[in-house]
Amino acid sequence: MAGLSVAHRAALAHLITLCPPELLDGLRRAVGGWPGVKAQELGGMLNEVEVERRRRERALGPLSPMFRERMDGIEALTFPAQILPRLWAVAREGEIDLLSRLDKDGPEASIVGDRLCLAAAAAVRDRPDSVWPKGLSDGTREAGLEALARCLDLAHLARKALRHLETWLGRPDDDSLAELRLLIRDASAIHEDGAPRLVDILFAHLKDAALVLRLVTQTSGSAGRDDFLSSSEMAIFVERLIAGVEERAARVAAFRPGPDAGAEAEAEAALEDIRWCTATLGELDVTLEMQPGSAWGKDVREARLKVARRLTETIRSAPKVVEAGLPMTRTTLAGRMTRKVPDLNSDPASPALATAAVQLRMLGALRSAAAVFGCESDRKRQADALVETLSRYADEAFDLINGGEAEDLDRALALMEAVARLLGHLDAQEAARTVRRRAAATIHGTGVRGASPEAA
């Protein structure tokens with residue numbers, strides 16, 4: 001049976017280069033169960049690609065995260081993703097005999113990897129078009145080529161530093177700190193900007209951007225003071241974090257919960273921004289001696305105030321939002337005497353009630369952030385008051401329902417389910433369960449079939 005033609009192999013090879021590792025892993029497992037010569041040849045191609053990918057990762061691993069943008073959006077030194085396979089191709093072409101030594105991790109693989117990184121650095125300088133073609137990010141190409149070459153020059157130091165990274169981010173002892181400072185000094189000896197470039201490489205490996213503070217504040221005995229750090233070559237990393245806090249604080253300040261279909265997603269994004277600001281500001285407080293009158297101190301204080309004002313607004317406006325979502329109506333007691341009772345004819349899917357759900361979800365999720373921004377006591381007091389208000393609203397509503405005063409029982413029970421969800425957003429799970437139990441008892445007692453499944 002005929003195998004793959006040259007054209008087929010060329011086309012498949014091109015497609016394979018476009019696939020992310022996760023897709024290739026799934027495809028390789030699937031092809032393993034296919035019959036036929038062509039499937040076997042495709043499986044062999046996929047296996048070869050996997051071997052090559054592992055070799056590339058062992059050789060260029062210190063720099064590989066720099067070929068993708070940071071997930072948190074914080075500014076970082078990065079290179080176009082299309083460059084990585086081209087860089088690997090020029091690095092390996094003169095060292096084919098050494099590639100098999102990358103198949104097992106260990107000291108020998110590290111030595112070969114360092115050699116390949118130096119070969120790649122030489123290729124970037126001597127044959128830039130082979131690595132970074134013209135027309136690809138032309139605006140940053142020249143500076144990018146220079147930065148890439150310098151990072152490759154530092155790859156052997158970065159490879160060593162990555163072995164200690166977890167220790168430096170935790171509780172380093174004197175020997176660990178001495179190792180960090182020695183590597184920083186060695187990097188500065190290779191290039192005048194070698195120290196920040198080495199931290200740039202390590203920064204690419206940090207999912208939590210704020211942890212870079214634990215590195216830069218330990219590069220010298222005085223680096224923990226912002227008056228020293230702000231004038232040093234490491235200042236850029238603090239400035240990136242402060243810029244990230246300012247950007248997120250502005251988004252949080254502009255957010256307003258609404259009834260739109262995407263409101264919940266927008267609220268979650270706002271909560272994520274608040275959590276990020278909370279964690280980053282906390283890290284700044286712990287690791288850096290921020291002077292109130294310094295430029296950094298003023299920027300951080302302004303960003304903190306923006307977030308705090310938005311949290312306070314969310315806390316204080318919650319009762320009015322709930323009142324709008326769960327309106328009351330007046331009922332006659334005797335003569336001219338009236339009192340307010342829940343309006344069981346109100347729409348359980350109203351925009352006002354949807355807005356209240358978003359608002360209370362934020363209020364319930366802000367506990368840790370409110371503590372950092374100094375408004376947790378207000379948040380808790382408001383949340384407790386709302387739990388009492390919602391529970392009382394449910395009690396009065398069930399009195400009306402059980403008294404046969406609900407014109408539309410399905411609508412009334414759906415409204416009670418909405419109340420239970422609001423209680424759940426405030427972490428009042430027992431109160432929410434009580435509302436649902438009473439709704440279920442009403443359903444079973446009246447034989448209603450059209451009520452909310454959640455209520456049942």
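For the structure, see preceding data.
This structure is a prediction, so every number in the text was calculated from the model and none was measured.

**Q** Quick one: what's the story with the overall build of the chain, residue by residue and with numbers?
**A** A count of helices and strands for the chain gives 20 helices and two strands. Residue pairs in contact within the chain that sit at least 24 positions apart in sequence constitute 70% of those at least 6 positions apart. Total accessible area on the chain is roughly 23,100 Å²; 52% of this is exposed by carbon and sulfur atoms.

**Q** Before we move on, can you summarise helix 7 (residues 141-153) with the specific residues and values?
**A** Here helix 7 spans 18 Å end to end across 13 residues, near enough to the 18 Å set by a 1.5 Å rise per residue. Helix 7 sits mainly inside the fold: 10 of its 13 residues count as buried. Three or more residues of helix 7 are buried, namely Arg-141, Gly-144, Leu-145, Ala-147, Leu-148, Ala-149, Arg-150, Cys-151, Leu-152 and Asp-153. Where helix 7 is buried, its residues contact helix 4 (83-92), helix 5 (107-126), helix 6 (128-131), helix 8 (155-169), helix 9 (174-190) and helix 10 (194-204).

**Q** Please set out the packing of helix 5 against helix 7 residue by residue, giving values where relevant.
**A** At a minimum axis separation of 8 Å, helix 5 and helix 7 run at an interaxial angle of 160 degrees. Relative to helix 7, the element helix 5 lies roughly antiparallel. Helix 7 is crossed by helix 5, and the crossing has left-handed handedness. Contacts between helix 5 and helix 7 pair Cys-117, Ala-120, Ala-121, Val-124 and Arg-125 from the former with Leu-145, Leu-148, Ala-149, Arg-150, Leu-152 and Asp-153 from the latter. Split into classes, the residues belonging to the contact of helix 5 with helix 7 amount to eight nonpolar, no polar and three charged.

**Q** I'd like a rundown of the environment of Ala-91, residues and numbers included.
**A** In this structure, Ala-91 sits in helix 4. Here Ala-91 falls in the buried class, since its relative accessible area comes to 1%. Between the alpha carbons of Ala-91 and Leu-60 there is a distance of 9.5 Å; along the sequence they are 31 residues apart. Residue contacts for Ala-91: discarding those within four places in its chain leaves Leu-116, Ala-119 and Ala-120.

**Q** Account for the pattern of salt bridges, with residues named and values stated.
**A** The full count for this structure, using the stated rule, is 38 salt bridges. Between Asp-200 and Arg-197 there is a salt bridge, and its shortest N-O distance comes to 2.7 Å. Residue Asp-200 and its partner Arg-197 are both found in helix 10; the two are separated by three residues, about one turn of the helix. For Asp-200, a relative accessible area of 2% corresponds to the buried category. Taking the shortest distance from any N to any O, the salt bridge between Glu-313 and Arg-256 comes out at 3.5 Å. Here the residue Glu-313 occupies a position in helix 15 (residues 295-325), and Arg-256 occupies one in the loop between helix 13 (235-254) and helix 14 (263-287), the gap between them amounting to 57 residues. Residue Arg-256 is classed as partly exposed on the basis of its relative accessible area, which comes to 45%.

**Q** If you had to explain the side chain of Thr-442 to someone new, which residues and values would you point to?
**A** Mapping Thr-442 onto the fold places it in helix 20 (residues 429-446). With near-sequence residues (within four places) excluded, Thr-442 lies in contact with Phe-398, Ile-401, Asn-402, Leu-409 and Leu-413.

**Q** So, the nonpolar core: which residues are in play, and what are the values?
**A** Judged by nonpolar contacts, the single largest core of 128 residues is most densely connected at Leu-87, Leu-148 and Met-416. Per element, the largest residue contribution to this core is 10 residues, and it comes from helix 18 (residues 376-402). Each residue touching Leu-87, except ones within four places of it in the same chain, is listed here: Leu-60, Phe-67, Ala-120, Val-124, Val-131, Leu-148 and Leu-152.

**Q** Residue-level account of the packing of helix 18 against helix 19 (residues 409-425), with values.
**A** Closest axis-to-axis distance for the helix 18/helix 19 pair is 10 Å, and the angle between their directions is 165 degrees. In terms of their interaxial angle, helix 18 and helix 19 are classed as roughly antiparallel. Helix 18 and helix 19 meet at a crossing whose hand is left-handed. On the side of helix 18, the interface is formed by Val-387, Leu-390, Ser-391, Tyr-393, Ala-394, Ala-397, Phe-398 and Ile-401, while helix 19 contributes Leu-409, Ala-412, Leu-413, Leu-415, Met-416, Val-419, Leu-422 and Leu-423. Residue composition of the contact of helix 18 with helix 19, grouped by class: 15 nonpolar, one polar and no charged.

**Q** Tell me about helix 9, and name the residues and values.
**A** Side chains three or four residues apart in an α-helix point the same way, a direct result of the helix having 3.6 residues per turn. For helix 9, with 17 residues, the first-to-last C-alpha span of 25 Å sits near the 24 Å given by 1.5 Å per residue. By the burial criterion, the buried members of helix 9 are Ser-176, Leu-177, Leu-180, Leu-183, Ile-184 and Ala-187. Projection of helix 9 onto a plane perpendicular to its axis shows the buried side chains occupying an angular sector of 125 degrees, all on one side. Looking at helix 9, the residues exposed on the side facing more than 90 degrees away from the buried face are Asp-174, Asp-175, Arg-185 and Ala-189. Packing partners of the buried residues in helix 9 comprise helix 8, helix 10 and helix 11 (212-216). Between a side-chain oxygen at the N-terminus of helix 9 and the backbone nitrogen of Asp-175 the separation is 3.3 Å; the capping residue is Asp-173.

**Q** Describe the packing of aromatic side chains, with residues and values.
**A** Inspection of the entire model under this criterion finds two aromatic pairs. Geometrically, the ring pair formed by Phe-67 and Phe-79 is tilted, given 5.6 Å between the ring centres and 45 degrees between the ring planes. A residue pair is termed long-range when its members are at least 10 positions apart, and Phe-67 in the loop between helix 3 (37-60) and helix 4 and Phe-79 in the loop between helix 3 and helix 4 qualify at 12 residues. With relative accessibility at 5%, the residue Phe-67 sits in the buried group.

**Q** Tell me about unusual backbone geometry, residues and numbers included.
**A** Among all residues except glycine, the phi angle is most often negative; among peptide bonds, the trans geometry is most common. One non-glycine residue, Ser-137, lies in the positive phi region at around 50 degrees. Within the element layout of this structure, Ser-137 appears in the loop between helix 6 and helix 7. Note on Ser-137: relative accessible area 33%, which makes it partly exposed. The backbone of Asp-427 shows a phi angle near 65 degrees, a positive value even though the residue is not glycine. Mapped onto the elements of the fold, Asp-427 is located in the loop between helix 19 and helix 20.

Each value, and the rule that gives it
- Residues numbered from 1 in each chain as written.
- Predicted model: local features only at pLDDT ≥ 70, side-chain atom pairs only at ≥ 80, totals over all residues.
- Heavy atoms only, no water.
- Helix = DSSP H or I, 4+ residues; strand = E, 2+ residues; numbered from the N terminus.
- Contact = heavy atoms within 4.5 Å.
- Areas by Shrake-Rupley, 256 points an atom, 1.4 Å probe, with all protein chains shown as cover.
- Expected span 1.5 Å × (residues − 1).
- Buried < 20%, exposed > 50% of the residue type's maximum accessible area, 1.4 Å probe, protein only.
- Axes fitted to C-alpha atoms, helices over the stretch in contact; angles between N-to-C directions.
- Parallel < 35°, antiparallel > 145°, perpendicular 65-115°, else oblique.
- Left-handed = near helix turned anticlockwise from the far one by under 90°.
- Nonpolar A, V, L, I, M, F, W, Y, C, P; charged D, E, K, R; others polar.
- Salt bridge = Lys/Arg side-chain N within 4 Å of Asp/Glu carboxyl O.
- Core = buried A, V, L, I, M, F, W, Y, C linked by side-chain atoms within 4.5 Å.
- Arc of directions from axis to C-beta.
- Polar contact = N/O pair within 3.5 Å; in protein donor to acceptor, adjacent residues only side chain to side chain.
- Phe/Tyr/Trp six-rings, centres within 6.5 Å; stacked < 30°, edge-to-face > 60°.

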